[in-house]
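# Examining the three-dimensional arrangement
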Amino acid sequence: MDNTKFDESTQKELQTFLDREQAQARLHSSIHNLTSMCWDKCITSTPGNYFARGEESCLANCVERFLDTSLFMVKVIEQQRQSIGQ
Amino acid sequence: MSDFFKTSVPSSTSPDLAARKEAVMNSVRSEIALANAQELMNKTNEKCFAKCVTKPSSSLSSTEETCLTRCLQRYMEAFNIVSKTYTARISKERETS
């Protein structure tokens, strides 16, 4: 590969591309973590040909409640911070 | 004026440059795809070993192998459910904020 530099517009384009790919990778990494965590919480039976009753909805609920938890924690910390500040 | 056109139309760069740009993008894409596949492999290995091989003996039994096969399928399914729920929630939060 020859090593002449990319021109400015190409560099900008590549930067945008990398930013987008990085965001996508971060998203994927959260999904991996959530799957791992929710699998441990929800899948209690020996894996069969299908999910057992309730396991599927447990997985979806697990994701939603985890995100609720994270929003809730921010709120609590914010409240505590305010009460200390007074 | 000609300079203006050069910067505003990226596809007008030389074909060699465009090919190199494409090559960089493709190698980034395939590296990320590889990392994703590896992560999924590691996770399924870990989770399914924990679930299916409860008491390791001198070789994998056919029951264990059946369990591992199903476990792998369920884990992929779980990944898809989590992915769908997560992205749906993210776009919902983005709409309301």
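Residues numbered from 1 in each chain as written. Chains lettered and ligands numbered in written order. Predicted model: local features only at pLDDT ≥ 70, side-chain atom pairs only at ≥ 80, totals over all residues. Heavy atoms only, no water.

Taking an unreviewed UniProt entry as the reference, chain B is identified by name as Mitochondrial import inner membrane translocase subunit belonging to Serpula lacrymans var. lacrymans. UniProt, in its Subcellular location (unreviewed entry) section for chain B, records the words "Mitochondrion inner membrane". (UniProt positions renumbered as here; feature names shortened; annotations may be inferred.)

Identification of chain A as Mitochondrial import inner membrane translocase subunit from Serpula lacrymans var. lacrymans is taken from an unreviewed UniProt entry. Taken verbatim from the UniProt record of chain A, the Subunit (unreviewed entry) comment is "Heterohexamer." Recorded in UniProt for chain A, the comment headed Sequence similarities (unreviewed entry) runs: "Belongs to the small Tim family."

### Concerning the interface of chain B and chain A
Of the residues lining the interface, 34 residues belong to chain B; the matching set on chain A comes to 40 residues. For the pair chain B and chain A, the interface holds four salt bridges. Among the salt bridges present, the one from Arg89(B) reaches Glu64(A), with a minimum N-O distance of 2.6 Å. Within the residue set of the side of chain B that touches chain A, elements represented by two or more residues are α2 (15-52) and α3 (62-96) of chain B. (Contact = heavy atoms within 4.5 Å. Salt bridge = Lys/Arg side-chain N within 4 Å of Asp/Glu carboxyl O. Helix = DSSP H or I, 4+ residues; strand = E, 2+ residues; numbered from the N terminus.)

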